[in-house]
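This is what each chain is made of:
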Amino acid sequence: MDEADRHGEALLALALSRPADALARAGQLLAEPADALTESYARQARAIVLRDSGRVDEAVAGLRAAVRAARRSPSAERVADVRATLGVTLGFAGRTAQGLAMLDTAVAGCAGGVHGGRVLMRRATVLRLLGRYDEALTDLRRAIDLLRRGGDPIWEARSRSHRFLVYAALGQAARADRDLAIAERLFAAAGQELESAMAVHNRADVALQSGDIPRALGFLDEAGERYAALGTAFASLTTDRCAVLLAAGLAAEAVTVADDAVRRVGTGLGASKVAEMMLAGARAALAAGRFTEASRRAAAARDLFRRQGRAWWQARAAFVVTQSRYAAGERGARLFRQAVELAQRLDALRAEEAPAAHLLAALVAAAQCRTADAERHLASAARFRHRGPTFGHAAGWLAQALRAQGRGDTRAALLACRRALVAAGEHQRTLGAPELRAHAAAYGTELVAIALRHAVRRGDARMLLRWTERWRASALAVPPALPPDDPELVAELGSLRAVVRRLEAARAEGAPTARLDHERSLLEASIRARTRRAAGDPAGGGFAGTDLAALLDGLGGHRLVELTAVDGVLYATTAVGRRVRMHEVGPVAGAEREVELARFMLRRLAHGRAPRGALDRLDRAGLALQRALIGPAAADLAGDGPVVVVPPAQLHAVPWALLPALRGTPHGVAPSAATWLRAGAVQAPRRHRVALVGGPGLDASAVELKQLGALYPDAVVLSDGAATAAATLAALDGAWTAHIAAHGTFHSENPLFSALSLDDGPLMVHDLGRLRRAPLRLVLSSCESGVAGTVTAGTVTTSGAATPVVDELLGMVTALVPLGTASILASVVPVHDGSTAPLMVAFHERLRAGAQFAEALLAVRAAGGGDPVAAATALSFLALGR
């Protein structure tokens, strides 16, 4: 190799190591008189950088000029090499037939050796884009052999990276991982910074295939940071992030990521990558329940793939179109034919969607009363219940359950459902962030629905209670795995507090807030990413079985009413002693309307507006609420003894004390009966330390804390500027009783950013997740603190069919239950500050006299007198937990 070739090869290596430097150097060479060989290298290097940064059309033009320059040089190998780069780039531009023809010419122009290996690798790249995996593997095996024998470690690493992608697409994770490990080692030894970052990027795919979502997110974040430092970006980072977000159940976020990427890069990205991002956006829109939009996006992607000659990708996009049409309600013969054809094609192409495609074909066949066809496709889908990552087993187990259901074998159907929930639990235990654990519940939605429908059809109250409990509140089974002393997380939460404080001040002054809003969004995104990367505890959490006998024994003298939504209908299961009964109540939508009306009345009274007859109106609202929420089950709650209420997620913010059946009875509310039992087993701290915290902006809180301080003379009192986040967390950690009088805000889009307002800014749910031990008993007196967000991981899951809302909650209260809080007093609407202070003092007096939370709350309600505002304030509070 002469000196010009050595310099040229170094420039090409620089293009894939430090692209910005390569672009500058190529520009210098092209600005000066140069021989044809040097010009071909400079134009090729510049085009590679342009292509990888999304400017594909410019790259194609530059490579055509590089080919012309190479032809003027004396080197045939130089011509073949530039043609190979042009062929790959044409493939990325969506002109796959033209690109493959160019690569065939380049392969024919090489005698073998190192140059032959390089050209073969690039042809394999386009074959992979086309989904022709067997041909791609043949080229890559030859290329790796030639490059290894020729002593070219960088191109061997590149070939192994491409073979990794083929193996990964075929689901051969072990082979993919082995190739990637070797490639990463070779790149690192050669100092190839960009390609080393690409290897980290590819490790995300391996992590996803093994079901490790936190590691996948971590690799994507690291790769993105390294790309940014090198001044480049890859569209595949967006599509891969969308895939991981969808696997994590974060469908709406995946839609946003895909849309932002398309807007940011525009059509200059290259037709092949634009089509892939359009498909990623379509899959996300489908998972988010936006069926018409998903169908439109997927159809556009399908047409692009067809024009590009990419049959594998075209089939995947066509499947999303079919899923969207099914989810939107279509069930005709035409859809059946298309679903069957796609299932067969995706199976033959070994696409990851094959099990879901067979399942969808089976569902459409069943709708057409084609029993034999449905059984055949269910059998094909059921093969996948043990393959791939654990979160991907749901389609296979659902198929197995539907097969058993089709032949009338209820026992086998329920066994499949149980096995599926065990697999879902294994996946859930890998997740440290409560947000991800809650969304992971989506993988059991359809399976639990099968069991619940069986219970309702059979009128089996015990079965309904057992399966509702098996499913409910699984995210509360284990504390969030967030390191309490992570200095970077602590710093970011502190920065967010400061930004929110400045933002509130700017809004109060009427000053511009755009820059602060942007800064807040960036910090929230960084905190979300950091917490999502936390690994779970393989030994805990997940979908646990429910021992119904132990549950009934654990109730003691309590009466249980547990509500379950099945196909839009609300059922109430009661347990009194050993007797368990099931009652059909009515439509969930009607119950939700009555809850909103009751909450509206309480909010109005909280603002001091008490019209004549307000108490009578509250009584009437309570009666309507009782009919809509528990209906005939109210008769089972008559008599002595406290009541435990377990509502579904969409009915978590109910003022239960309005119900006549509960108004004169001590009652507590829990996210699940199992959670209530666990709360009873929490050990009290050895020291009876009390913490009293008063936030800013509440005139009544100073009086409230002063009076409570007289009840608890040894309490830690934080107010008047001392109630900072750090001081409050220290006071709460391990406290026996904590009382916080502070304004609260509920963040509906991300409940983990819901917060209590303190002197140095908001104390967020994310902050509470850092507690080593939450206070045993907690009173939240001045905010809408009993509200938690319902997690909806999307309205479609494995089959593309509409599914129920995920029964998981995220918010202030649910963050504390797994951390050791047994009893919580909180409100479901904003309360009247002036009426709250005397109620809180009376409540604590009852606690000090030995009353339980529910008993104390009942007593202060009864002592409220005839003041409508005071009565509404007392009715707005719930005793949560034990």
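In case you missed it, the structure is sitting above this.
Below, the structure is looked at part by part. (Residues numbered from 1 in each chain as written. Predicted model: local features only at pLDDT ≥ 70, side-chain atom pairs only at ≥ 80, totals over all residues. Heavy atoms only, no water.)

1. Describing the overall build of the protein chain
Helix and strand counts for the protein chain come out as 39 helices and 16 strands. For a compact globule of 882 residues, the expected C-alpha radius of gyration is about 29 Å, and the protein chain comes in at 31 Å, within 12% of that figure. Each principal axis of the C-alpha atoms in the protein chain carries an extent, and together these give about 100 × 65 × 50 Å. When contacts within the protein chain are restricted to residue pairs at least 6 apart in sequence, long-range pairs at least 24 apart make up 71% of them. Total accessible area on the protein chain is roughly 33,400 Å²; 52% of this is exposed by carbon and sulfur atoms. Averaged over its 107 positive side-chain charges, the protein chain has a centre that lies 5 Å from the centre of its 88 negative ones. (Helix = DSSP H or I, 4+ residues; strand = E, 2+ residues; numbered from the N terminus. Rg over C-alpha atoms; globule rule 2.2 N^0.38 Å. Contact = heavy atoms within 4.5 Å. Areas by Shrake-Rupley, 256 points an atom, 1.4 Å probe, with all protein chains shown as cover. Lys, Arg positive; Asp, Glu negative; His and termini not counted. Charge placed at Lys NZ, Arg CZ, Asp CG, Glu CD.)

2. Side note on the pairing of strand β11 (residues 761–764)
Side chains on a regular strand alternate between the two faces of the sheet. The sheet contact formed by strand β10 (residues 755–758) and β11 spans four bridges and is antiparallel. Bridge pairing in β11 places L758 opposite G761. The hairpin formed by β10 and β11 contains two residues between the paired strands. (Pairing = 2+ DSSP bridges.)

3. A few points about the pattern of salt bridges
Taken as a whole, this structure holds 51 salt bridges when the rule is applied. For D139, the salt bridge is made with R123, and the minimal N-O distance between the two is 2.7 Å. Placement of D139 in helix α8 (residues 133–149) and of R123 in helix α7 (residues 113–129) is noted, with a sequence separation of 16 residues between them. There is no split in this pair, since D139 and R123 are both buried. Residues R297 and D259 are paired through a salt bridge, measuring 2.8 Å at the closest nitrogen-oxygen approach. Highlighted residues: R297 in helix α16 (residues 291–307) and D259 in helix α14 (residues 251–265), separated in sequence by 38 residues. In the salt-bridge network here, residues are joined through shared partners; they are E156, R160, R163 and D179. (Salt bridge = Lys/Arg side-chain N within 4 Å of Asp/Glu carboxyl O. Buried < 20%, exposed > 50% of the residue type's maximum accessible area, 1.4 Å probe, protein only.)

4. Re the sheet that holds β11
Here we have three strands laid out as an open sheet, ordered β9-β10-β11, and antiparallel in their pairing. Across the chains shown, the open sheet's two edge strands, defined by having one partner strand only, are β9 (744–745) and β11. By the bridge criterion, two bridges tie β9 to β10 in an arrangement that is antiparallel. Residue pairing for β10: T745 is matched across the bridge by A755.

5. Thoughts on helix α34 (residues 725–732)
Within α34, burial applies to A725, T728, L729, A731 and L732. The buried residues of α34 occupy one face: seen down the axis, they fall within an arc of 165°. Away from its buried face, by an angle of more than 90 degrees, α34 presents the exposed residues A726 and A730. A positive backbone phi angle near 80° is found at G734, which sits one or two residues after α34. (Arc of directions from axis to C-beta.)

6. A look at the packing of aromatic side chains
Overall, the coordinates contain four aromatic pairs when judged by the stated rule. Here W312 and W313 contribute two aromatic rings whose centre-to-centre distance is 5.2 Å and whose plane-to-plane angle is 85°, an arrangement assigned as edge-to-face. For W312, a relative accessible area of 5% translates into the label buried. Look at W313 and you get buried, because its relative accessible area is 15%. Looking at R316, its charged tip hangs above the ring of W313, at a distance of 5.0 Å from the centre. A cation over an aromatic ring shows up here: R331 above the ring of Y326, its NZ or CZ 3.6 Å from the ring centre. (Phe/Tyr/Trp six-rings, centres within 6.5 Å; stacked < 30°, edge-to-face > 60°. Lys NZ or Arg CZ within 6 Å of the ring centre and 35° of its normal.)

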